[in-house]
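Observations on the three-dimensional arrangement
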Amino acid sequence: MGNLAYPSRFSNHLPPPSIGGTKSAEPEHVHLSYGFPASDLLPIRELNEAANAALQVARVDLLHYSGAQGPVRVKSWVLNRVRKFGLHAEGGNFIPVFGAIQGIDLTARILINPGDEVWVEAPTFFNALQSFRAAGAHIRSFPVDEEGLQVNRVEEALQKASAEGCKLPKFIYVMPTFQNPTGSTLPIGRRRQLAQLAKDYDVYILEDDAYAELSFNGTTLPAVYSFAPERVIYVSTFSKTLGPGLRLGWVIAPEEIIQYMATLSLGSQLNPFTQEIVGELLEHYDFDRQVERLSDRYRSRRDTMIRVLHEELGSEIQVSVPDGGFFIWVTFGEHVDVNAVAPSAHRRGVSFVSGNAFFNDGKGARYLRLCFSHCSEEQIRKGIRSLAEAYYSIYSG
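The following paragraphs examine the structure supplied in this document.

1. Topic: helix H10 (residues 338-347)
- Within H10, burial applies to Val338, Val341, Ser344 and Ala345. One side of H10 holds all its buried residues, which, seen down the axis, span an arc of 115°.
- Structurally, H10 contributes buried residues whose contacts are with strand E11 (327-332), strand E12 (350-351), strand E13 (353-354), strand E14 (367-371) and helix H11 (377-394).
- Where H10 ends, the next residue or the one after it, glycine 349, has phi of about 95°, a positive value.

Here it is as structure tokens:
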């Protein structure tokens, strides 16, 4: 099992300001910073019907601590659904959480003592970095290329640390599918390699698979978990498919990890009211059709964003072409600092997230992340043109 750090100790630093949002409330502002799903594709009517049905069937039990059958139905549905990604787990390997980020944070609180090593991708999800810092981790970053984490670099570092008697990481955090922010996807060979490293060096993999359902070409790769279930903590969520406001995700992990997470949750059932509604919805809803609708929409918006980026910024940038997910990663020349562009872009009515937020060392000023899932194609065109105007107002040639 390794040395558990329960309960973990947190630093006294105040949390940083929110990343990925904007202060603008102007109705015409284009929020290419928001990592949100398409509002009009969220199942409002179906959730309303499910809520009514749940209230009729579960009645007062729906408002008690443990709920009625909703939590059981959600668990059963998820454990069946994740088989498409190669996960074959039992009920004792599952716990619901308040979105994927709570699963990430619980992992950090359980496994990290101050000063412990955590290894991450560079760039990586900024909220995960915040969680690891709060737990007192020493974070080490490894580069991402067009095929995701460079696992060979991780292997070399593990070999060196082991040979020299240095600390090994408590876990390696990775987003293997449609990574946030780059959109890259780890191929099956690298997934196998990473899983084998976890077994060989007795470290955990924290696998954040929040975007796995949103494949634009219908391809599904086996999760890293499928190759080393005893060494992988798998996190995912309904936030990208049914709506982030549900705050419902899950962790699938070795049973001892799940037991510690349940203890940190003080033994209470996670939001039984929401689980009753979602459990009712999933029994009658065509989830595959929902995923298809989302993927079709996002594929079109991705294509529009890439086309307009090339039209407006041309040779000034390199652009990732993700096969799924929410995001495009834009790379400018080494002389560019996108933070200098941001105020001008904001005045022109568009926001983005600068690359600095995704690197543990705060570097990455030549990069920015754009979200294509939330805005309409018209807003995307308008926003990219405004972004280009802002860029050329600072870097005119």
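2. Remarks on the pairing of E14
- For E14, a buried count of five out of five residues is recorded, marking the element as mostly surrounded by other parts of the structure.
- Burial along E14 is two-sided: Tyr367, Arg369 and Cys371 facing one way and Leu368 and Leu370 facing the other are all buried.
- Direction of pairing for E11 relative to E14: antiparallel, over a ladder of five bridges. Bridge pairing links valine 330 to leucine 368 in E14.

3. Things to note about the nonpolar core
- Counting residues in hydrophobic clusters, the biggest one holds 80 residues, and the most contacted among them are Phe132, Tyr173, Leu309 and Leu370.
- Looking at this core, the element that brings in the most residues is helix H9 (residues 287-313), giving seven residues.
- Among residues more than four places away in sequence, those in contact with leucine 370 are Leu32, Met305, Leu309, Phe326, Phe327, Ile328, Val330, Phe352, Ile384 and Leu387.
- Counting residues in hydrophobic clusters, the runner-up holds 51 residues, among them Phe85, Trp119, Val278 and Val291.

4. Notes on a nonpolar patch on the surface
- Taken together, Leu55, Leu63 and Phe273 make up a surface patch of nonpolar side chains, about 290 Å² in accessible area.
- With respect to the helices and strands, leucine 63 occurs in the loop between helix H1 (44-58) and helix H2 (70-81).

Criteria and thresholds
Residues numbered from 1 in each chain as written. Predicted model: local features only at pLDDT ≥ 70, side-chain atom pairs only at ≥ 80, totals over all residues. Heavy atoms only, no water. Buried < 20%, exposed > 50% of the residue type's maximum accessible area, 1.4 Å probe, protein only. Helix = DSSP H or I, 4+ residues; strand = E, 2+ residues; numbered from the N terminus. Arc of directions from axis to C-beta. Contact = heavy atoms within 4.5 Å. Pairing = 2+ DSSP bridges. Core = buried A, V, L, I, M, F, W, Y, C linked by side-chain atoms within 4.5 Å. Patch = residues over 30% accessible without salt bridge, like charges linked within 9 Å, V, L, I, M, F, W, Y side chains within 5 Å. Areas by Shrake-Rupley, 256 points an atom, 1.4 Å probe, with all protein chains shown as cover. Salt bridge = Lys/Arg side-chain N within 4 Å of Asp/Glu carboxyl O.

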